[in-house]
Structures are given as C-alpha cells and as structure tokens.
Amino acid sequence: MNVRTCEINLNHWYVVARSVEVTNKPLGVQLWYHSIVLYRDNEGEIHGLEDRCPHRQVKLSDGQVFENFLECPYHGWQFNSKGICTFIPYLSENQRLPNCQIVSYTVQELDGFIWIFIGDENLLFSHNIQPMNIPEWKHLNYIGTVSVIDCQAHFSFLIENLMDMYHGHLHNNYQPWTGAKLRELSDNEEEVTAIYEAQSYYKIDKIWSISQLFFPQLRPLHTEQLTVNYIYPHWRSTLGQDFTIYCLFCPINKTHTRAYLIHFTSLNAFERLHKLPQWFRQFIKEQLWGTAQTMLDGLVEQDIIMIEQEQQAYNQQLRKPSYEINPTIPAVQKMIKKQVNKESLTIER
Ligand code: FES
Ligand SMILES: [Fe+2]
C-alpha cells in the first residue's frame, strides 16, 4: 500500500465548512470524492444532501432554499432534508412523484464548524463516534484565529508537515519557537504523539505580553514542551501552556486537501481577568479574535508551497526514494495505512 495514494477512513467526523459560510443559500462542498450541498433551513438548522439532482444530475448547490425545501435550478424540483423529492412544478394530475431519493448526510454544527459523517451509520452509533473536541472555541480564556489550508496534495503530505517540527527552518519569521528536538514518540490505535522540546519566543504571562507579537526584542527565549498529536484524522498541538493549534482535515481527493487551522492563545495566566464579568471577557475574546492572523496565514502559505512541491515531485518521479530521519514520519504513515485497513473491513464499496 502506497501512503501517497491511500484512501481515508470514512468512519470519522470530518469538517467541510465553517459555520459562518452556511446560510440559506446552498453551499457546495467536497469530501473525498463526495459532492455535498449544505444549507440552513428556516430554523437555522443545517442539512447536507448529495449535490446532485436525480432528474438530470445537475448541482443542487446552484439552486435555492425555498420554504425549507432545496429547489433545483433547472426545472424546479424540490427536495426535503431527507433527500426525498416532494414537489415538481409541472407534475400533471395523473402523474406521481418519482421515487428518486438522494443521499442525506449526517451533519452537525459544533464549535464554529460543520462536521459531517459519511461512513457507516451503524458504526457511528454502535461505537459512539464523536467529532474532535475543541473546548477552547467557547472558553473565555482562549483567543482564536482561523486560517484555511487548501493545497493540491495528498493529505499525507500535510499531516507529515504538521508532525515534523524540524521544518521550523522554513518559517523563521513566523514560527513562535525554534530549535525543536524530538524527545518522545508514542502511538496507539487512534493516535500518534510526538513530544519535542523547543525554544519558545513567547511567554503570555503579563498583560503586555501581547506586544511580543509585534516587537521581537520583547520575546524571552525559553524552553517549552511542544507536543504534536495526530488524532486520526485531525491534529492538535500545544506549545507549553500558552498556545494550542488544531488542524481539522477535509481531504477532497487523492491530490487535493482542505483543512482548517485554528490557533488559540491562552489567557489562563491572567487571574485578574478571570474575575471580570462574563460579558466583558466575552467582549475581549471577540475583540482579540484573529490576533494571530498574519502569523498563521504566513505559516500556511510557506507550508503549502513545500507540500505541493512534494506532490509534484511524487507525480514526476515515482521511483526516486525519499530519505527520512524523523521517526515521527513512519509512525504517521503506519497510522494512515492502519486506518484504511480498518475502514475496508467495515465498508463495502
Ligand atoms: S435537473 Fe433538477 S429539476 Fe431538472
Ligand atoms: Fe509549518
């Protein structure tokens, strides 16, 4: 099995959009060769259907939501949230609605994202499969920033990039740490954890610490633990107590990957802040939202260039070997393959 052409294990929750992107105007998204249309009904609830009109196979995402039904742009057939055709504008009295149900996916809106499960529904319930938990999203002590990764490459290149902290070399201007050294590597059925020791530039312990973001001379270089965790199919990383980053994966196909990177800066060290009224802390959280945008977008831009070059090189030189000295990478590849095997045992294609 070649890791660069590996399938994904569909029996997990994947992220296909941000909450704010989904309105009562249908939105077409993709997840691993599946075209899906998302829309919000009158009550604000999200639905996900196969993005294909069963009449002539055009995209329902080019249509509109009409009184809680999704209406195809071509001849105006309408579908309910179960994917059942409920109305055809020109159906004559002696005709019946065709039995042409399209797939309705299991979706949920959680922590600012739309999560979808397109695997085996029996397994979803029997194993109580849950989306990744992101407690920092709502917690008043964390300031978030979101950046979208959209790269023309297999998802394995992206997760390897995220697990290999020796590529700090690439980011010298943006990375909040330097000099990573791998100290521990462990894996189990669902996770690969690598613990590095790094020199962090930031220490978020005084109210003026935030100015370190803008003035490099204020950054006190100190040792911190840098933990990266591949919790299949997503990723989480922490740098000491101050920073947490998530990467939520949405693999589109074997050479195209989307993902959402969410960076949180912790305000846990500011005890006086915690005594302030809730509404004020919420106000601060909202006002500071996106503080790390320049840094995060800069990191993403640099990483995408490398990841896409890896894919291009793979496409051109299938027989050239790669030389790897970070043991985290084979552990990640083993996990990707293990998950595919697991999936093929449960789903028939
Ligand atoms: S193609 Fe959708 S209504 Fe005809
Ligand atoms: Fe990077």
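This is a predicted model, so every value here is computed, not measured. (Residues numbered from 1 in each chain as written. Chains lettered and ligands numbered in written order. Predicted model: local features only at pLDDT ≥ 70, side-chain atom pairs only at ≥ 80, totals over all residues.)

1. Let's talk about the sheet that holds strand β13 (residues 191-200)
Put simply, the rule reads: In short, DSSP must find at least two bridges between two strands for them to pair. For helices the rule is a DSSP run of H or I covering at least 4 residues; for strands it is a run of E covering at least 2, with both sets numbered from the N terminus onward. Axis lines are fitted through C-alpha atoms, for helices just across the contact stretch, and the angle between N-to-C directions can take any value from 0 to 180 degrees. Remark: residues whose backbone-derived C-beta atoms lie within 7 Å of one another are considered to be in contact.
Judged by pairing direction, the sheet is antiparallel, and its seven strands sit side by side in the order β11-β17-β16-β15-β14-β13-β12 without closing on themselves. At either margin of the open sheet sits one strand with a lone partner, and together these are β11 (142-151) and β12 (177-187). Adjacent strand axes in the sheet meet at a mean angle of 15 degrees, parallel and antiparallel pairs treated alike. Across the sheet, helix α2 (residues 155-163) touches β11, β13, β14 (222-231), β15 (234-239), β16 (243-253) and β17 (256-266), and the angle it forms with β14 is around 155 degrees.

2. Quick look at the sheet that holds strand β10 (residues 113-117)
Here six strands make up an open sheet; going across it, the order is β1-β10-β9-β4-β3-β2 and the pairing antiparallel. At either end of the open sheet lies a strand with only one pairing partner, and these are β1 (14-18) and β2 (27-31). Each adjacent strand pair in this sheet contributes to an overall mean axis angle of 35 degrees, direction not counted. Note that strand β4 (residues 46-50) and strand β9 (residues 104-110) share two bridges and pair antiparallel. Opposite G48, over in β9, you have Y105 as the bridge partner.

3. Here's the deal with the nonpolar core
Spelled out, the test is: Here a nonpolar core is just a set of buried residues of the types Ala, Val, Leu, Ile, Met, Phe, Trp, Tyr and Cys, joined wherever their C-beta atoms sit within 7 Å. Backbone-placed C-beta atoms define the burial measure: a residue is buried with 20 or more other C-beta atoms within 10 Å of its own, exposed with 12 or fewer, and partly exposed in between. Source of the domain bounds: an automatic or database domain assignment.
Ranked by internal contacts, the top residues of the largest apolar core, which has 73 residues, are V16, I114, I116 and L158. Taken domain by domain, the makeup of this core includes at least three residues from each of domain 1 (13-126) and domain 2 (138-341). Ignoring sequence-local partners within four residues, the contact set of V16 consists of V29, L31, I36, I114, I116 and C250.

4. Considering the pairing of β13
Regular strands place their side chains on alternate faces of the sheet. Of the two faces of β13, only the one carrying V192, A194, Y196, A198 and S200 is buried; E191, T193, I195, E197 and Q199 on the other face are not. Looking at chain direction, β12 and β13 are connected through eight bridges and run antiparallel. The residue bridging T178 from the neighbouring strand is Q199, located in β13. In textbook terms, the turn of a hairpin is the stretch between consecutive antiparallel strands, and for β12 and β13 this stretch comprises three residues.

5. What about the domain arrangement of the chain?
Our working definition: Residue type decides the class: Asp, Glu, Lys and Arg count as charged, Ala, Val, Leu, Ile, Met, Phe, Trp, Tyr, Cys and Pro as nonpolar, and the leftover types, Gly among them, as polar.
Looking at the assigned domains, one finds that the chain contains domain 1 (13-126) and domain 2 (138-341). For domain 1 versus domain 2, the separation of C-alpha centres amounts to 33 Å. Contacts between the two partners involve nine residues from domain 1 and, on the opposite side, eight residues from domain 2. At the level of secondary structure, the elements contributing two or more residues to the side of domain 1 that touches domain 2 comprise β1 and β2. In terms of residue count, β1 provides more of the side of domain 1 that touches domain 2 than any other element does, four residues in total. Broken down by class, the residue content of the side of domain 1 that touches domain 2 amounts to seven nonpolar, one polar and one charged.

6. Quick word on the pairing of β17
Burial analysis of β17 places nine of its 11 residues in the buried class, which makes it a mostly covered element. Inspection of the sheet shows β11 paired to β17 by 10 bridges, in the antiparallel sense. By the bridge assignment for β17, V148 is matched with Y260. Two elements, β16 and β17, share 10 bridges in a ladder whose sense is antiparallel. What sits directly across from F249, in β17, is A259. Where β16 hands over to β17, the hairpin turn is made up of two residues, counted between the paired strands.

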